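One-letter residues, chain by chain:
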Amino acid sequence: MAQKSEEDDKVRLDKWLWAARFYKTRALAKAAIESGKVHCRGERCKPGKEPRIGDEFEIRTGFDERTVVVQALSIVRRGAPEAQTLYAETDASVAKREAAAAMRKAGALGVSTDGKPSKKQRRDLFKFRGSSSGE
């Protein structure tokens, strides 16, 4: 099992995020923490913070934002099934993430166009913007 009691009592947050497979490398986990993508109780964290069992973290990876509760501590990166035992995602977080994925899939968040503008449409855009760079 991925849980050790004595060695894992003091584990750094960046190492735990790496072991829980939120980030591919520990350096990426550290960079994400430093850039404000990981919050504990609504506040930014430092990579050296020691997570405790029961702590709640908000983690942004790519388009997804997850709210997870620490279930166990580990400094060893194992397989995905074992890594998923280290945390539990809240029900609200799962619902929010699935709704956002459905919106992305439907294309509601992006701007949809018919492709490149034609020569006439481009001239009209330049005229509308008032720039003469296109002429």
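On a predicted model such as this, the values are computed, not experimentally measured, just so you know. Positions within a chain are numbered from 1, following the residues in the order the chain's sequence is written. At least 70 in pLDDT is required for a residue's local features to be given in this predicted model, at least 80 for side-chain atom pairs to be given and counted, and no such filter applies to totals for whole chains, interfaces and linings, which use all residues. The basis for every side-chain value is the complete set of non-hydrogen atoms in the structure, without hydrogens or water.

Caption draft 1: Quick look at the pairing of strand β3 (residues 56-61). A pair of strands is labelled paired if DSSP reports no fewer than 2 bridges between them. Per the convention used, a helix needs a DSSP run of H or I reaching at least four residues, while a strand needs a run of E reaching at least two, with both numbered from the N terminus. Here strand β1 (residues 38-40) runs beside β3; their pairing, made up of 3 bridges, is antiparallel. Residue pairing in the sheet places V38 in a bridge with I59 of β3. As judged from the 6 bridges shared by β3 and strand β4 (residues 64-70), these two strands associate in the antiparallel manner. By the bridge assignment, T61 is partnered in β4 with D64. The antiparallel pairing of β3 with β4 creates a hairpin that spans 2 residues between the two strands, and G62 there sits at a positive phi of about 65°.

Caption draft 2: Broad picture of the pattern of salt bridges. By convention in these notes, a salt bridge is any Lys or Arg side-chain nitrogen within 4 Å of a carboxyl oxygen on Asp or Glu. Under the definition given, this model contains 10 salt bridges. A salt bridge links D14 to R26; its shortest N-O distance comes to 3.5 Å. Separated by 12 residues along the polypeptide, D14 in helix α1 (residues 13-19) and R26 in helix α2 (residues 26-34) bring together distant segments of the chain. Under the scheme applied here, a residue whose accessible area is under 20% of the maximum for its type counts as buried, over 50% as exposed, and between as partly exposed, the area being computed with a 1.4 Å probe on protein chains only. Taking relative accessible area as the criterion, D14 reaches 2% and is therefore assigned buried. Close ionic contact of K120 with D124 constitutes a salt bridge, the shortest N to O distance being 3.2 Å. Linking K120 with D124, this pair stays in helix α5 (residues 119-129), spanning 4 residues, or about one helical turn. Overall, K120 belongs to the exposed group, its relative accessible area being 52%. When salt bridges with common partners are traced through the structure, they connect R12, D14 and R26 into a single cluster.

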